[in-house]
Amino acid sequence: MVALIVCCPLTSFSSAMNNGGNEFTLNVQTSDIVQNLIPETNPWVDSSIYDRIYSGNTEVRITAITWSIKNLNDWQQKNNIFEKQAPASEGEKLVFNEPKDGQINHRTFWINSSLFHKLFSIKGIIALIDAERNPEPYDINPTQKPIDFSPESVRSGLIHGANDAWERGYTGEGMVVAVADTGIDFGHPDLNGTQARVEYEDSNYSGWPLMFDHNSMYYWLVDGNSYPQTNTWYANTSLVDFDNNSDGFLDVTGYNITGINASLSGIYHLGEHPDPTLRNKVGGVVPILVVDDITLGLYETVYPDIDRDGWFGNETPMRPGEETSGKDIDGDGLWDISAGLVYWVADGQNGAPYAETYAARHGYSNRIPGSGNLTLFMLESGNHGTLCASAIAAQGIVSDGAIKGMAPNATISSIGNHYSGGHALDGWRFIAEGYDGNPETPDQPNIGSFSFGYSSVDDSGSDGYSLYLDWLTRIYNQNTSYAVAIGNGGHGFGTTKVPGAAHGIFSVGAFSSRSSDSYGQNAPWSNRGPNVVGRMDPDIVSVGWSATGDMPLNSYDNANSAWTTWGGTSLATPIAAGLLALVSEAWIE
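In this report, we go over the structure that sits alongside the text. The structure presented is a predicted model; accordingly, all values stated were derived computationally and were not measured.

## Quick look at the sheet that holds strand β7 (residues 105-112)
- On the basis of which strands lie adjacent, the open sheet formed by four strands has the order β4-β8-β5-β7 and mixed pairing. One side of each edge strand has no neighbouring strand; the edge strands of this open sheet are β4 (44-45) and β7.
- Across two bridges, the pairing between β4 and strand β8 (residues 125-130) is parallel. By the bridge assignment for β8, V45 is matched with L128.
- Lying over the sheet, helix α2 (residues 47-54) contacts β4, β5 (59-66) and β8, oriented at roughly 60° with respect to β8.

Okay, here's the thing in structure tokens:
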């Protein structure tokens, strides 16, 4: 266990799951060869699945990790175990893509409890995970505080040497850190502009922010629903209106569109903003307008009517390169209300970002919406994700610089809604492969930050969750690193929580930042190893006892009050991730 101080290069892990010392991957084309290479397995099973079955549940939802998605797919077809997708609506089309075989993959599905035992007959099954068990964010208010604690005196950058790295020109430039959590309020002045974007020119989503929301994607692909039909962060913007007499008012809805860039096609798309915190703050439904004002038929500009006055001309538009919008209500030049971030508008040619990979993995067809008919937002469902993001890249703008991230020039990719939907592993894999599902192309984050865990999973370190994360970072994409919290459940040894017990990742504990008798010591409530296979966690410790962090704007009266003090391994982990970004930048240069 060491405190992470920025003073040495970061080396990527290159060790791998192996067979006799040789790397064992399945990058083959011929299915017969694949079948011959698939080893015999003794699957790890999440014990809570049995608990659900024995308690009388007629169906259970599981995630199967397997050497062969094809074998699993064939078994599902034979037993008719697929979720039925809603048919394509007007303007949509469903496109099926064969799932990739020849590498470890996973799939989530419902299964009749009476058939569960038959999954063990499928060749290549590695683990069966309870998909009804969602990860849990760790507490941000540990029960004990250091003696004479004063959060205003805590300067995490000074403690860890980040300030020295900044002076040498290392600020996290070019590094993308992914936060898998409740989402992020990118409209907050400290985080506005920190959003990561796809810079890979060959990507179908080049120029758009790099974000993922598996909960909204699931309901969109399976049910064809978006907000307000269902409570997700995908907005249905298929309603159209016109200004045929060019008087600056839409013909049917009557909205005032004077002062905005006109639609080149003459067709305006409308919908409702999906953020409940925004609706609560402004007192009702917030209309949104989507316009093709740059390229005919290509809808890229979104106007939210934040003040609900029926006029879009006094609002900040959201488009690639400037994807956020908000309102300053007290005249200090800082947004006090946030409309979040838009990370894609349907172009009529492609599905939602990452949907092609996600759909094929889980046995769905990709649902392609019509141009302008679907608008994707990244929002914040609580505050945990925004706090974590601020520890990484806060710009020090609000409250006289009360919050400054460890890597202020790093950019942030948000895996939002992470604690819902049952597809958490897709968020982990997204970090390793990006929108195109290919770890070899440069459209994925460099570092993942996980301030969560599964408190009741047994066999920490040899469990299915930890083994999958280990494979992702040591085999699948050796250039992607994960900083993972080990939890706040101490005292005692052997308390590290899943997936912080995984090999190959940086397991992160918390230490005291201010105390006369315990400065720099592991916090008593911070979990620690060894795990069940003898790994001595944590690998590193960083400030977790305590510091300042940003809070979502819509929960406060104004920007300068939208921050708090917090702690725990939830804080220590994004601090470590930000420091890893500094070291990675230095190593690359």
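After that view of the structure, there is still more to cover.
## Brief notes about the packing of aromatic side chains
- Applying the stated criterion to the full structure yields 23 aromatic pairs.
- Ring geometry for Y50 versus F116: centroids 5.8 Å apart, planes at 90°, classification edge-to-face. One end of the pair, Y50, is in helix α2; the other, F116, is in the loop between β7 and β8, with 66 residues separating them in the sequence.
- Given the relative accessible area of 2%, F116 is considered buried.
- Each ring, one from W428 and one from F450, has its centre 5.7 Å from the other, and the planes form 40°; the classification is tilted. Of this pair, W428 sits in helix α10 (residues 424-433) while F450 is found in strand β21 (residues 447-450), placing the two residues 22 residues apart along the sequence.

## A closer look at the pairing of strand β17 (residues 337-345)
- Of all nine residues in β17, nine are buried, a share of seventy percent or more.
- Here β17 pairs with strand β19 (residues 374-378) via four bridges, running antiparallel. If you follow V342 over to β19, its bridge partner there is F377.

## Quick look at the sheet that holds strand β14 (residues 287-291)
- Across the sheet, which stays open at both edges, the four strands sit in the order β12-β13-β14-β15 with antiparallel pairing between neighbours. Looking at the sheet topology across the chains shown, the edges are occupied by β12 (239-241) and β15 (301-304). Within the sheet, the average angular offset between the axes of one strand and its neighbour, ignoring direction, is 30°.
- Pairing of strand β13 (residues 268-272) with β14, which is carried by four bridges, proceeds in the antiparallel orientation. Bridge assignment links E272 to a residue of β14, and that residue is P287.

## Brief notes about α10
- Counted residue by residue, α10 has ten buried out of ten residues, so it is predominantly covered.
- Every buried residue of α10 is accounted for by A424, L425, D426, G427, W428, R429, F430, I431, A432 and E433.
- Directly beyond the C-terminal end of α10, a positive phi value near 70° is found at G434.

## Looking at the side chain of D190
- Turning to its location among the elements, D190 is positioned in the loop between β10 (176-180) and α6 (214-223).
- Within the buried set, D190 has no salt-bridge partner at all; the shortest N-O distance to an opposite charge, 8.3 Å, is to K404.
- In this structure the side chain of D190 is engaged in a polar contact, spanning 3.2 Å, whose partner is the backbone nitrogen of G396.
- There is a polar contact of 3.3 Å between the side chain of D190 and the backbone nitrogen of V398.

## Some points on the side chain of H418
- Along the chain, H418 turns up in the loop between β20 (411-415) and α10.
- Residue H418 is classed as buried on the basis of its relative accessible area of 0%.
- Excluding its chain neighbours within four sequence positions, the residues that come into contact with H418 are P135, A180, D181, H214, A424, W428 and F452.

## Some thoughts on the environment of P530
- Here P530 lies in the loop between β24 (506-512) and β25 (540-545).
- Using a relative accessible area of 31% as the deciding quantity, one classes P530 as partly exposed.
- The spacing of P530 and G461 is 69 residues in sequence and 9.3 Å in space, taken between C-alpha atoms.
- Apart from the residues within four sequence positions on either side, P530 is in contact with F493, G494, R535 and M536.

## Focus on the pattern of salt bridges
- Counting across every chain of the model gives 16 salt bridges.
- Between R133 and D46 there is a salt bridge, with the nearest N and O atoms lying 2.7 Å from each other. A residue pair is termed long-range when its members are at least 10 positions apart, and R133 in the loop between β8 and β9 (136-137) and D46 in the loop between β4 and α2 qualify at 87 residues. Like D46, R133 is buried.
- Salt-bridge contacts for R367 lead to E92; the nearest nitrogen and oxygen are separated by 3.1 Å. Linking R367 in strand β18 (residues 366-368) with E92 in the loop between α3 (69-79) and β6 (93-95), this pair joins segments that are 275 residues apart in sequence.
- Among the charged side chains, a salt-bridge network with shared partners connects R361, D426, R429 and E433.

## Side note on α6
- Judged by how many residues are buried, α6 sits mostly within the fold: eight of ten residues are covered.
- For α6, the complete set of buried residues consists of H214, N215, S216, M217, Y218, W220, L221 and V222.
- Put simply, D213 is the residue that caps the front of α6, since its side-chain oxygen is 3.2 Å from the backbone nitrogen of N215.

About the criteria used
Residues numbered from 1 in each chain as written. Predicted model: local features only at pLDDT ≥ 70, side-chain atom pairs only at ≥ 80, totals over all residues. Heavy atoms only, no water. Pairing = 2+ DSSP bridges. Helix = DSSP H or I, 4+ residues; strand = E, 2+ residues; numbered from the N terminus. Contact = heavy atoms within 4.5 Å. Axes fitted to C-alpha atoms, helices over the stretch in contact; angles between N-to-C directions. Phe/Tyr/Trp six-rings, centres within 6.5 Å; stacked < 30°, edge-to-face > 60°. Buried < 20%, exposed > 50% of the residue type's maximum accessible area, 1.4 Å probe, protein only. Lys, Arg positive; Asp, Glu negative; His and termini not counted. Salt bridge = Lys/Arg side-chain N within 4 Å of Asp/Glu carboxyl O. Polar contact = N/O pair within 3.5 Å; in protein donor to acceptor, adjacent residues only side chain to side chain.

So, to be careful, I would describe these as geometric facts and stop short of saying anything about function.
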